[in-house]
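Observations on the model geometry
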Amino acid sequence: MAAVLPMSMVAREKEWLSAMGGHAYFAAGLVSLAIAALVREPIGIMALLISLGTVATLAWRRRRAGQRLAGLAAMALLVVMASAAPKWAVMSRDMAFDMQPAQHIQTPGISHTLYIGLGVVPNRFGIPYDDLYGAAVVKAIAPDVIYCSPEYFRIVWKLYLDRIAEDPLEVARIYLKKAETILADSIIEPGLPLAVVLTVVIAHLLLATYFRAWRAIVFPQGFTVEFIVLVFIGFFVAQAILGHPSRLYAFPVGPLIVVLLGSLADFGCRWLWVVSAPARVRIASAIRRSIT
């Protein structure tokens, strides 16, 4: 769902859709982003960054063409509002019910994940991948700090940076091991390792762009689809490296791989149709002569 919004913005800009279709597609993208953020906020954050990056790219293109940027500013504001759906939900709850103010943060605790994420691989720091371990370490440092409070995450962030300063090579080894794990996983069964899929798609994207094949086969949409999907997969790989490379967290990559395969198949069919044009003309001419 999160990939719908950036694709819709490019489709509107390139006029690949009618005016009404573009508005509907963009609205569906905003709703999809809000739902994705509510279901799993880190994925909503990925979509927010990619969507804002898309807006920035479109703004750069418009500025070079001397066009107005007002519409893109409104678009960026709507994207930010949609990605804040979890905060809107909490605010609505607080307005509807008389409740004690929350003492925990309302967003994912990235520093906590980074710190215990070092424990996914056996390490010289003695850190295990265990939420309770992080809580115990902070408790030993500041007994009065509430678990998952802003102060808790500030302390854990310092602990994480201390481990990097203590032994950066060990941290690099941990991250390299997790990168090998996620890239060796096919995510979907049966399937090739993710590293193979990414290598093939990136090579295809670069070669097709270099030889201007997208325009030759009248399929510029394919570049947008493949590029945005690859960026999303890159975020999931980064999440696996910094957090945990388990398929439990990376499973949304599966549908993205299916989208890539669909784009490659579409490209292949269009390319064969264009390449076979001379042969089709000769066959048609031969048929006409035989009929005559």
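One numbering rule holds for all chains: residues counted from 1, following each sequence as written. pLDDT decides what is reported in this predicted model: residues at 70 or higher carry local features, side-chain atom pairs at 80 or more are listed and counted, and totals for whole chains, interfaces and linings draw on all residues regardless. To obtain the side-chain values, all non-hydrogen atoms of the structure were included, while hydrogens and water were left out.

1. A short note on the confidence of the model for the protein chain
The predicted structure's coordinates, where accompanied by low pLDDT, should not be read in detail. The cut-off we apply is this: Every residue gets a pLDDT, meaning the predictor's confidence in that residue, from 0 to 100. A run of DSSP states H or I qualifies as a helix once it reaches four residues; a run of E qualifies as a strand once it reaches two. Both are numbered from the N-terminal end.
Summary statistics for the protein chain give a mean pLDDT of 91 and a share of 97% for residues scoring 70 or more. Element-level mean pLDDT values for the protein chain span from 84 in helix H5 (residues 85-96) up to 97 in helix H9 (residues 168-184).

2. Thoughts on the nonpolar core
The line we're drawing: Working definition of a nonpolar core: buried Ala, Val, Leu, Ile, Met, Phe, Trp, Tyr and Cys residues. They are joined through side-chain atoms within 4.5 Å. A 1.4 Å probe rolled over the protein chains alone gives each residue an accessible area, and that area as a share of the maximum for its type sets the label: buried under 20%, exposed over 50%, partly exposed in between.
Counting residues in hydrophobic clusters, the biggest one holds 47 residues, and the most contacted among them are Met9, Leu194, Phe232 and Ile233. Put simply, the parts of the chain that give this core at least two residues each are helix H1 (4-14), helix H2 (19-39), helix H3 (41-65), helix H4 (70-83), helix H10 (194-210), helix H11 (213-216), helix H12 (220-242) and helix H14 (253-275). Per element, the largest residue contribution to this core is 8 residues, and it comes from H12. Residues Val121, Phe125, Phe153 and Tyr175 belong to the second largest nonpolar core, which totals 20 residues.

3. Focus on H12
Within an α-helix, residues lying three or four positions from one another point in the same direction, as the helix has 3.6 residues per turn. Let me state the cut-off plainly: Residue count minus one, scaled by 1.5 Å, sets the expected span of a helix.
The end-to-end C-alpha distance of H12, which contains 23 residues, comes to 34 Å, matching closely the 33 Å that a straight helix rising 1.5 Å per residue would cover. When H12 is considered as a whole, its buried residues turn out to be Gly222, Thr224, Glu226, Ile228, Val229, Leu230, Phe232, Ile233, Phe236, Val237, Gln239 and Ala240.

4. Some remarks on the packing of aromatic side chains
Our working definition: Each Phe, Tyr or Trp ring (for Trp, its six-membered ring) is paired with any other whose centre lies within 6.5 Å, and the angle between the two planes then decides the class: stacked below 30 degrees, edge-to-face above 60, tilted in between.
The final tally for this structure, using the stated rule, is 9 aromatic pairs. Centroid distance Tyr115 to Tyr133: 6.4 Å. Interplanar angle 15°. Geometry classified as stacked. Of the two residues, Tyr115 sits in helix H6 (residues 110-117) while Tyr133 sits in helix H7 (residues 131-141), which places them 18 residues apart along the sequence. Between Phe223 and Phe227, the aromatic rings sit 5.9 Å apart at their centres with planes inclined by 15°, giving stacked as the arrangement. A residue pair is termed a helical-turn pair when its members lie 3 or 4 positions apart in one helix, as Phe223 and Phe227 do in helix H12 at 4 residues.

5. Looking at H7
Quick reminder of the rule: The arc in question is formed by the directions pointing from the helix axis toward the C-beta atoms. Only heavy atoms matter for contacts: two residues are in contact if any of them lie within 4.5 Å across the pair. Think of a polar contact as two N or O atoms within 3.5 Å of one another; within protein, one of them needs to be a possible hydrogen donor and the other a possible acceptor, and neighboring residues in sequence only count if both atoms come from side chains.
Within H7, the full set of buried residues consists of Gly134, Val137 and Val138. Taken end-on, H7 shows its buried residues confined to a sector of 95°, consistent with a single buried face. Exposed side chains of H7 directed beyond 90 degrees from the buried face belong to Leu132 and Ala140. If you follow the buried residues of H7, they end up packed against H6 and helix H8 (150-166). Of the residues flanking the start of H7, the one acting as N-cap is Asp130, its side-chain oxygen 3.0 Å from the backbone nitrogen of Leu132.

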